Number of protein chains: 2
Amino acid sequence: MKVAIVGASGAVGQEFMRVLAEQEFPVDELLLFGSSRSAGRVYTFRGREIRVQELTHDESLFSGVDFAFTSAGASTSKEFAGTITARGATMIDNSSAFRMEADVPLVVPEVNGSDALNAPRGIIANPNCTTIQMVVALKPIMDLAGISRVHVATYQAASGAGAAAMDELAEQTRQVVDGQQPTVDKFAHQLAFNVIPHIDIFTDNGYTKEEMKMYHETKKIMHAPDLDVSATCVRVPVMRAHSEAIWVETLRPVSVDEAREAFENAEGVVVIDNPSEKSYPMPLNLAGEDPVFVGRIRRDLTNECGLSFWTVSDQIKKGAALNAVQIAQYILRNR
Amino acid sequence: MKVAIVGASGAVGQEFMRVLAEQEFPVDELLLFGSSRSAGRVYTFRGREIRVQELTHDESLFSGVDFAFTSAGASTSKEFAGTITARGATMIDNSSAFRMEADVPLVVPEVNGSDALNAPRGIIANPNCTTIQMVVALKPIMDLAGISRVHVATYQAASGAGAAAMDELAEQTRQVVDGQQPTVDKFAHQLAFNVIPHIDIFTDNGYTKEEMKMYHETKKIMHAPDLDVSATCVRVPVMRAHSEAIWVETLRPVSVDEAREAFENAEGVVVIDNPSEKSYPMPLNLAGEDPVFVGRIRRDLTNECGLSFWTVSDQIKKGAALNAVQIAQYILRNR
């Protein structure tokens, strides 16, 4: 199998290389692409050195490529999608460029894997990290009892803003500890010792784009146009796993035991929920892990038909690179 | 006026001294009490040195005291309430000891100040910090349109666990930055670069006591037995102001403009809500401030009769010492 990574030097690009190796994805040849700035860098994949090539509009760059994993921002994805797919490569795109287009499937394999088998433009979109993590946890409850609405408050790690943002959080923290004025560049405000209720840009209805992604993408992935989501997305001083406090309203009352059993049997979910032993998912422990972790499962005290729970998942893995690779695996198994 | 502070060496005790001075509370004589461990320490109030006395069961210690502000934990409050109030002092208690007792008013002056005027046992309870901050923001919406239920996710600062906990967050952060193993003592787990969905102990229904305080105390303060609250309370690596993401269901649809006007006119509330200028409440900027700050005001996308907003308030000030002093001020103005 010939595989390409576009945006190879970014946090997600680097994770693609690790995930392809960990998952023993059948890569015979790996091509790395980046901007003119990162072209020439050399990375090691399975003991072999690979040089990053500059991404251009030369279609022959992607000749024979089966899967191209792209994570270089929405404008790059839009500009180069034609080039990448021209010779038959399937583009699995981590940006927001194509997610809401009708002829581009938006896929989380545990939820709607079969949508990946119908991609007329050769493009499959990887959802936003916060959405992926949430829909994996919503799926078993949806199957159990239906869901009519969702409230979610997020606790999002620095990694969602990229590798440089993670460096900035580390640097800001060191500066605060040393009594210096912290540098603010990648975030809207200082993140160290703060929380920022603002991720991506604001839209006309007062929600951020990040929050509206959770609204729109959830409907599309779950094939549930009537399922509404109201999200508050907040950046917290954590390195790389996102947490979410979620309330769902179900179509019939669901007991905590039923819900726990559904989570335990769900693909991609691991339950950590033993309060008496101070055991629940936390981002510090779970960075680098594959699953979506669920805990704090309990009734919604405001609603007979309500459940509340807490999820944690690695933003760069299941929230980005791992989900994209799992889409390719699903296609290989099912086409 | 003769005033006593019980628990004078704690984070809240120290804040009582600052708030009494800032508010120009008419203190003629200030007495400081503490455990045998802190007895003998000397603090300066309005330029005068005051020595901490050991709290004992000697009722004469509180002879002539008008107001005793107590913040030394629930067990101390329970043990010494009789002693403190025996000679006619009004005890304004920051602990959870008496909050839910029928003959003890639970008061946030902006919401139910007049309840403070009927305290048959001479005890008035100060609510939990997360509840105070929330009900100040709920009050104008309740008055505008009624509220049937509330969902709230908190982002709580280290200060809620006391002065030693704030020191521990600072120390943990320094240790992580220096590549050392962080010390964990005051929190259930490492807080630096983490979030912990666990504050106070767990109860049988899967909620923590902190979360159930928001449920029970809100009903009592707002005189709204049918108003249900489902909370997820989370500790975040922030020093001393709490943040809350709140959704309310109102009895009739409320526009964002109506809600904003109600917040702007509400006592104790300051609106910071100008997304285009990256302007919204954040804990880093607002530590040490008096009001409850409200922003991110928008419709709940899941509910015609729903609103979503974000609040930040200093946990030690309005969440503790300031609210208690405001209760005393209310009594002085209205009795």
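Residues numbered from 1 in each chain as written. Chains lettered and ligands numbered in written order. Predicted model: local features only at pLDDT ≥ 70, side-chain atom pairs only at ≥ 80, totals over all residues. Heavy atoms only, no water.

### Remarks on the pattern of salt bridges
Residues and elements named next belong to chain A.
And then number 1: Taken as a whole and assessed by the stated rule, the structure comprises 42 salt bridges over all chains.
And then number 2: Measuring nitrogen to oxygen at the nearest pair gives 3.1 Å for the salt bridge that ties Arg99 to Glu217. Here Arg99 is found in the loop between strand E6 (90-93) and helix H3 (109-112), whereas its partner Glu217 is found in helix H6 (residues 209-221), with 118 residues between them in sequence.
And then number 3: Residue classification places Arg99 among the buried residues on the basis of a relative accessible area of 4%.
And then number 4: Among the charged side chains, a network of salt bridges with common partners joins Glu15, Arg18, Arg240 and Asp314. (Salt bridge = Lys/Arg side-chain N within 4 Å of Asp/Glu carboxyl O. Helix = DSSP H or I, 4+ residues; strand = E, 2+ residues; numbered from the N terminus. Buried < 20%, exposed > 50% of the residue type's maximum accessible area, 1.4 Å probe, protein only.)

### Things to note about the pairing of strand E3 (residues 42-45) of chain B
Residues and elements named next belong to chain B.
And then number 1: Here E3 shows a clear split, with Tyr43 and Phe45 buried on one side and none of Val42 and Thr44 buried on the other.
And then number 2: Sheet topology note: the E3/strand E4 (residues 48-54) ladder contains four bridges and is antiparallel. Considered in E4, the bridge of Thr44 is made with Glu49.
And then number 3: Count of turn residues in the E3/E4 antiparallel hairpin: two residues, of which Arg46 carries a positive phi of about 50°. (Pairing = 2+ DSSP bridges.)

### Focus: the environment of A:Glu211
All names here are of chain A.
And then number 1: You can see Glu211 is positioned in helix H6.
And then number 2: Separated by 79 residues in sequence, Glu211 and Asp290 place their C-alpha atoms 24 Å apart.
And then number 3: Within polar-contact distance, the side chain of Glu211 engages the backbone nitrogen of Thr208 at 2.9 Å. (Polar contact = N/O pair within 3.5 Å; in protein donor to acceptor, adjacent residues only side chain to side chain.)

### What to know about the side chain of B:Thr85
And then number 1: Relative to the helices and strands, B:Thr85 is located in helix H2 (residues 74-85).
And then number 2: Those residues in contact with B:Thr85, other than ones at most four positions away along the chain, are B:Met91, B:Arg121, B:Gly122 and B:Ile123. (Contact = heavy atoms within 4.5 Å.)

### Topic: the nonpolar core
And then number 1: In terms of nonpolar packing, the biggest core is built from 88 residues, with A:Leu20, A:Leu30, A:Phe69, B:Leu20, B:Leu30 and B:Phe69 touching the most fellow members.
And then number 2: Here A:Phe69 is in contact with A:Val3, A:Ala4, A:Ile5, A:Val6, A:Phe16, A:Leu20, A:Ile92, A:Ala324, A:Val325 and A:Ala328, once residues within four sequence places are set aside.
And then number 3: Counting residues in each nonpolar core, the second largest holds 56 residues, with A:Ala89, A:Val104, A:Ala145 and A:Ile147 among its members. (Core = buried A, V, L, I, M, F, W, Y, C linked by side-chain atoms within 4.5 Å.)

### Things to note about the confidence of the model for chain A
And then number 1: In this model, chain A carries an average pLDDT of 97, and 100% of its residues clear a pLDDT of 70 or more.
And then number 2: Predicted complex, confidence summary: ipTM 0.96, pTM 0.97. (pLDDT = per-residue confidence, 0-100.)

### Points about the interface of chain A and chain B
And then number 1: On the chain B side, the residues contacting the 59 residues of chain A number 59 residues.
And then number 2: In total, chain A and chain B occlude about 5,100 Å² of area from one another, counting both sides; carbon and sulfur atoms represent 64% of this.
And then number 3: Of all residues in chain A, A:Phe193, A:Leu301 and A:Thr302 give up the largest surface area on contact with chain B, accounting jointly for 14% of the area buried on that side.
And then number 4: Here chain A and chain B share six salt bridges between them. (Buried area = accessible area lost by both parts, 1.4 Å probe.)

### Description of H6(A)
And then number 1: Taking 1.5 Å as the rise per residue, H6(A) with 13 residues should run 18 Å; its terminal C-alpha atoms sit 17 Å apart, in good agreement.
And then number 2: With respect to burial, H6(A) is a largely interior element, ten of its 13 residues being buried.
And then number 3: Considered for burial, the residues of H6(A) that qualify are A:Glu210, A:Glu211, A:Met212, A:Lys213, A:Met214, A:Tyr215, A:Glu217, A:Thr218, A:Lys219 and A:Ile221.
And then number 4: Where the residues of H6(A) are buried, they touch H3, helix H4 (129-145), strand E8 (147-155), strand E9 (228-232) and strand E10 (241-250) of chain A together with strand E12 (292-299) of chain B. (Expected span 1.5 Å × (residues − 1).)

### Side note on the sheet that holds E4(B)
Residue and element names in this part refer to chain B.
And then number 1: Pairing is mixed in the open sheet, where seven strands are placed in the order E3-E4-E2-E1-E5-E6-E7. Edge positions in the sheet fall to E3 and strand E7 (123-125), since each has one partner strand and no second. Between one strand axis and the next, the sheet turns by 25° as a mean value, whatever way the strands run.
And then number 2: The pairing of strand E2 (residues 29-34) with E4 spans three bridges and is classified as parallel. Bridge pairing in E4 places Leu32 opposite Val52.
And then number 3: Here helix H1 (residues 11-22) sits on the sheet in contact with strand E1 (2-6), E2, E3 and strand E5 (67-70), set at roughly 20° to E3.
And then number 4: Contacts from helix H9 (residues 317-334) reach E5, strand E6 (90-93) and E7, with the element oriented near 160° to E5. (Axes fitted to C-alpha atoms, helices over the stretch in contact; angles between N-to-C directions.)

### Considerations on the relation of the copies chain A and chain B
What relates the pair of chain copies is a rotation about an axis plus a shift along that axis.
And then number 1: Turning chain A through 180° and shifting it by 0.0 Å along the axis lays it on chain B, with an RMSD of 0.0 Å. Expressed as an axis order, the relation between the two copies is that of a two-fold axis.
And then number 2: Looking at chain A, 100% of its interface residues are interface residues in chain B too, so the copies touch through the same face. (Least-squares fit on C-alpha atoms with pLDDT ≥ 70 in both.)

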